[in-house]
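Secondary and tertiary structure notes
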Amino acid sequence: MAALRLLLLLAAASLLVVASRGDASGAGPRGRKLLVLVDDLAVRSSHSAFFGSLQARGLDLEFRLADDPKLSLHRYGQYLYDGLVLFAPSTPRFGGSVDQNAVLEFIDAGHDMILAADSSASDLIRGIATECGIEFDEDPEAMVIDHINYASTEVEGDHTLIAGDDLIQSDVILGSKKIEAPVLFRGIGHAVNPSNSLVLKVLSASPSAYSANPKTKLASPPSLTGSGISLVSIMQARNNARVLISGSLDLFSNRHEKAGNEQFVTETSKWVFHERGHLKAVNVAHHKVGETNEPSMYRINDDLEYSVEIYEWSGTSWKPYVADDVQIQFYMMSPYVLKNMSTDKKGLYSTSFKVPDVYGVFQFKVEYQRLGYTGVSLAKQIPVRPYRHNEYERFITSAYPYYAASFSTMGAFFIFSFAYLYHK
Amino acid sequence: MAETEADAAAAPSAAPGRLRNAFGGVLCAFTLILIGVLAFSIRLFSVIKYESVIHEFDPYFNYRVTQFLSKNGIYEFWNWFDDRTWYPLGRVIGGTVYPGLTLTAGSIWWLVNALNIPLSVETVCVFTAPIFSAFASWATYLLTKEAKGTGAGLMAAAILGMVPSYISRSVAGSYDNEAVAIFALVFTFYLYVKTLNTGSLFYATLNALSYFYMVCSWGGYTFIINLIPMHVLLCIVTGRYSSRLYIAYAPLVILGTLLAALVPVVGFNAVLTSEHFASFLVFIILHVVAFVSYIKGLLTPRLYKMAMTLVITVGMAVCFAVVAILVALVASSPTKGWSGRSLSLLDPTYASKYIPIIASVSEHQPPTWPSYFMDINVLAFLVPAGIISCFLPLSDASSFMVLYLVTAVYFSGVMVRLMLVLAPAACILSGIALSSAFDVLTRSMKFQLSKLFDDGSAISGNGSTEATSASAVNTNSSKSENKTEKSEAAPKEKSSKKNRRKEKEVTESVPAKSKKEKRLSVLPLEASVIGTLLLIILGGFYVVHCVWAAAEAYSAPSIVLTSRSREGLHVFDDFREAYAWLSHNTDVDDKVASWWDYGYQTTAMANRTVIVDNNTWNNTHIATVGTAMSSPEKAAWEIFDSLDVKYVLVVFGGLVGYPSDDINKFLWMVRIGGGEFPHIKEPDYLRDGQYRVDAQATPTMLNCLMYKLCYYRFVETDGKGFDRVRGYEIGKKHFKLTHFEEVFTTHHWMVRIYKLKPQKNRVRAKLRKLKSGSKSSSTLAAGRKKNPWQ
């Protein structure tokens, strides 16, 4: 028992050291170690441009075959990797201790993943995608076909290499530089549930696309059609783990350098590995106007100031996050105060307001959820008390007639008693 | 009983004169001390059988408040805003609590610590109630003595010291308002009667102060402020108006109301609510009567008659106007100016019709007949005799006793917890009855015996005089009554009784007429001996019953349960186990939801924030929790999540057969929840009007959160899911929880604690079946499939 506790202590201490070192060097929100699982080590060379861009950004890649029997995501309860690239669409099962649940637990522990499927993707890959809220066309032979927006290099043939330019409008996900050339895609399509707010379509098919087996004749209407088909989707879990799922492994390959693919995959992978769009809120402070110490309790009708600093990770350092729509709520079952906070453009957001004339246990709430950004969700409990017995006004001007009345009655009674008793 | 017998025997045996009085006084004081010790020690069964621990629910709150008071001082207590209860509304403790008990125990604690006796706050709280029950029996002595003399006083004190009804509320550890309030109640009545007998302003002022203490202690003070006006009115109507009556009542209303308004929880209610109107009305009537009698003395009879007709015509008009205004004012408020609890007293069916939250409390139910026998035992039969004795002769004080008894009987019939108010009245009247009976019996025994031994008439006369002295106080007081009534101008004449008695004995001024009277009420020797024996046996039964009730019935602290079986004693300490788990394994700011019964205990023992507690001040909040408990899992999760609840606590007795568990309370949750949120309907939980959780139960019942939390994994205990409280197998045995997870279940499964699962990190897509139809319909189907309550 004691030894275990010692070990734990040591672990905690080393963690602390790591954390403090991380802070000192201004480290980002995520580690830099990725595990790349491939079907075939040839992928390493056929997709070298993509891997090269990852490595150039300082990510540390470890290539393993998906059925490597020594595969493991964690050891002694610690995850060995900070992210996962699953480029093994046809693997029926992973080697070692890794299976579908292990991958999902990896994500739920707050790690990121890029998953590339392909037509004839295995049930394993489909299962992982389903758990992330994405459904591939269940026909294993199906591919996305578009007879209008196909790649110009492939005029003849079955039009399965399609040119996608229906990209999501978000600088956070795709970078501020516009992707000019269309993104070439050959692979399986998928659908996302529009009511699922965690999943976003990054690259959608054009309205003329449909998903079917290109080798057979179409017997019944295809189940996935038009812009309902998503080609590449992202999912940001509630714990801010990010997952990119693409219906095509080919998308990441070196073959389509001319097209917008390289820029597309580079920019989306930056987003996935938290090099962009990661917000952190620190230094929450509140105090009464004119004071600096944080009280444990406010009184009704106090004037208070609230401030919080919000920074965004730029890939190399924490930069102040600038926006004009960060709101503070003073909340007890419903917001009593809802106010935009003003920013000094250096990351500090602050505002001041009057505590409502209601006592109870309130919360300072900042709920900031924006497309592509990690969610900022702060809640800090603070009780608000009524006036103390000696905080009320002692003498009320409008009550002076009553004071006068009572004292004059007392005086009159005294005089009356005196007169009654001694006048004879 | 032994003391009173000794007392009864002591009076005739003592020699006349100063020595006799001194001996009687000492004996009386000694008896009173013994009664105090008896009252204190009969309440210690709970400490001896269990441990020195606070009992039940409300005492835990009082204990917590006392702790706060002893730690932070009176001003912090006064301004205490408690953010750990009624989350997120909070509760202003200082302004919503009757501070009398807390301040009393806090002062005792401060005093003993100042004397370097290091008692813990808990110890002081545990023993406050027994100490005050000793005080209460002394106060009863004083009150009864005012009405019927020392003998009756001692008798009543001894009876009150061990009356089971009072024991049930004041055993060691039962640290509740009633513990000190009964003392305050009786003492206030004593001071009122004392003022009435003496006409002294000093006692009138003391009376107002005592009334203030009562207001501080208990909401039952409204009983005093309605009973005393009723008595005053009775005195006026029966032509017993005197200046003593005025002095007894007018200062009480003025000072008492002013003082009552100082208590934050009462505040302006002291002049605003209908409960207090009677006192003001009688105050006005008293002044009119006083004025009329003053005028009467001033004017000649003819002038007086003229003035009367004038005043009556004008007065009637004014009265009608005032009454009309009052009626309009009162009618404009929805509850007619009465608080819910008072209304349910006046109309016993009110609560069950309109306020389920009041009706749901077991102690607000009307009592059953056996509970009278249980709680006041033989007193129920002695009380009528006491009433008769009070009418022989009727004085202001004895009429007050009768009035007190009659009203208390009515109130005890409405609410079982007001049996407590009846107990002192029953004790006083029984004391009077027993004392008069002993009086008559011993006197006739003495008379007959003396006649047996000597037949000289002179000696017999002497003997009878001596026997009379046993009831000297009675005749004395009644006589003084008459005298003072005749001569109002001489309040001094009613001097202290000792002096008067002495004076009387010295002058031997017993008139021949009274001698004759006494001889008439003499009984045969055999009858009086048998009567005395029977009364002693009756008293013996009473004592046996009281001790049994104190030891067996009323000493269980209800947080620790025991049961006897062949293997021996089983102790169920599940509640404290659960609260200890909460305090050690959850975060300080975590919120725990449970039915309101367990709110006080959770805050006091586990120190965790609760949503609702036993101070049922916000019906909507309780209804919210009731709704959550009666909702399906997902809806309940949403309600609890919106209240930031992290843990849900349920009490389940099905495994060990503990009947007052949450499943048996559940219909009240449905009713109270449905009262605010109409989508919860009681018939949905009943099968053909019957409440059941077996296979016949409705699906709504079997899918509600309370059922699931209580019976989750229950089938694993015996393989059948047999509920020992309900006595059948439960309806749904195998199910899983989707939004809650079990984190702790106590040893006997009496308390089960669940944690709200966090929202899912990811949202899973549907699993499309092959050959599924159109996309949208399958999404819907999948959505339905995910629905946890299908």
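Above this text you will find the structure in question.
Model, not experiment: these values are computed from the prediction.

**Considerations on the overall build of chain B**
For chain B, the helix and strand inventory stands at 37 helices and 13 strands. Counting all 790 residues of chain B, 52% fall into the buried class. Considering only contacts in chain B between residues 6 or more positions apart, those separated by 24 or more positions represent 72%. Taken as a whole, chain B presents about 35,000 Å² of accessible surface, with 66% of it coming from carbon and sulfur.

**Points about the overall build of chain A**
Across its full length, chain A carries eight helices and 26 strands. Its C-alpha atoms give chain A a radius of gyration of 32 Å, more than 25% over the compact-globule value 22 Å for 424 residues. Seen through its principal axes, chain A has C-alpha atoms that stretch 135 × 60 × 35 Å. Burial analysis of chain A (424 residues in total) assigns 48% to the buried set. Intrachain contacts of chain A at a sequence separation of at least 6 include 71% that bridge at least 24 residues. Here chain A has roughly 21,300 Å² of accessible surface; of this, 56% comes from carbon and sulfur atoms. Counting 39 positive and 47 negative side-chain charges, chain A places the centres of these two groups 9 Å from one another.

**Points about a nonpolar patch on the surface**
A cluster of nonpolar residues, A:Phe413, A:Phe416, A:Phe418, A:Tyr420, A:Leu421, A:Tyr422, B:Phe291, B:Tyr294 and B:Leu298, forms a patch on the protein surface that exposes about 1,200 Å² of accessible area. Listed by contribution, the elements that provide at least two residues to the nonpolar patch are helix 8 (400-422) of chain A together with helix 15 (277-298) of chain B. The greatest single-element share of the nonpolar patch, amounting to six residues, is contributed by helix 8 of chain A. Mapped onto the elements of the fold, B:Leu298 is located in helix 15.

**Looking at the pattern of salt bridges**
In the structure shown here, the tally under the stated rule is 40 salt bridges over all chains. Across the pair A:Arg57 and A:Glu275 runs a salt bridge, and its minimum N-O distance is 2.6 Å. Of this pair, A:Arg57 sits in the loop between helix 3 (48-56) and strand 2 (60-65) while A:Glu275 sits in the loop between helix 7 (261-272) and strand 17 (278-288); the two residues are 218 residues apart in sequence, bridging distant segments of the chain. The pair formed by A:Arg57 and A:Glu275 is uniform in burial state, with each residue classed as buried. As a salt-bridge pair, B:Arg64 and B:Asp82 come within 2.9 Å of each other at their nearest N and O atoms. Of the two residues, B:Arg64 sits in helix 4 (residues 58-78) while B:Asp82 sits in strand 1 (residues 81-82), which places them 18 residues apart along the sequence.

**Notes on the interface of chain B and chain A**
In this assembly, 29 residues from chain B lie in contact with 37 residues from chain A. Along the contact surface separating chain B from chain A lie four salt bridges. When the shortest N-O distance is used, the salt bridge between B:Arg764 and A:Glu131 registers 2.6 Å. Viewed at the interface, chain A and chain B are joined by 14 residue pairs in polar contact (both at pLDDT 80 or more). Mapped onto the side of chain B that touches chain A, the elements with two or more residues apiece are helix 4 and helix 37 (775-786) of chain B. The element that contributes the greatest number of residues to the side of chain B that touches chain A is helix 4 of chain B, accounting for three residues.

**Here's the deal with unusual backbone geometry**
Residues and elements named next belong to chain B. A cis geometry characterises the amide bond from Tyr-87 onward to Pro-88, with omega recorded as -5 degrees. Put simply, Leu-392 and Pro-393 share a cis peptide bond, and its omega is -10 degrees. Within the secondary structure layout, Pro-393 lies in the loop between helix 21 (379-390) and helix 22 (396-414). In this structure, Asn-116 takes a positive phi of about 60 degrees despite not being glycine. If you trace the backbone, Asn-116 turns up in the loop between helix 6 (100-114) and helix 7 (121-148).

**Observations concerning the pairing of strand 26 (residues 376-385) of chain A**
Residues and elements named next belong to chain A. Bridge count between strand 18 (residues 298-299) and strand 26: two bridges; the pairing is parallel. Pairing of Tyr-298 across the sheet is with Val-384, part of strand 26. Bridge analysis of strand 25 (residues 360-368) against strand 26 gives nine bridges, and the strand direction is antiparallel. Residue pairing in the sheet places Val-361 in a bridge with Pro-383 of strand 26.

Cut-offs applied
Residues numbered from 1 in each chain as written. Chains lettered and ligands numbered in written order. Predicted model: local features only at pLDDT ≥ 70, side-chain atom pairs only at ≥ 80, totals over all residues. Heavy atoms only, no water. Helix = DSSP H or I, 4+ residues; strand = E, 2+ residues; numbered from the N terminus. Buried < 20%, exposed > 50% of the residue type's maximum accessible area, 1.4 Å probe, protein only. Contact = heavy atoms within 4.5 Å. Areas by Shrake-Rupley, 256 points an atom, 1.4 Å probe, with all protein chains shown as cover. Rg over C-alpha atoms; globule rule 2.2 N^0.38 Å. Lys, Arg positive; Asp, Glu negative; His and termini not counted. Charge placed at Lys NZ, Arg CZ, Asp CG, Glu CD. Patch = residues over 30% accessible without salt bridge, like charges linked within 9 Å, V, L, I, M, F, W, Y side chains within 5 Å. Salt bridge = Lys/Arg side-chain N within 4 Å of Asp/Glu carboxyl O. Polar contact = N/O pair within 3.5 Å; in protein donor to acceptor, adjacent residues only side chain to side chain. Pairing = 2+ DSSP bridges.

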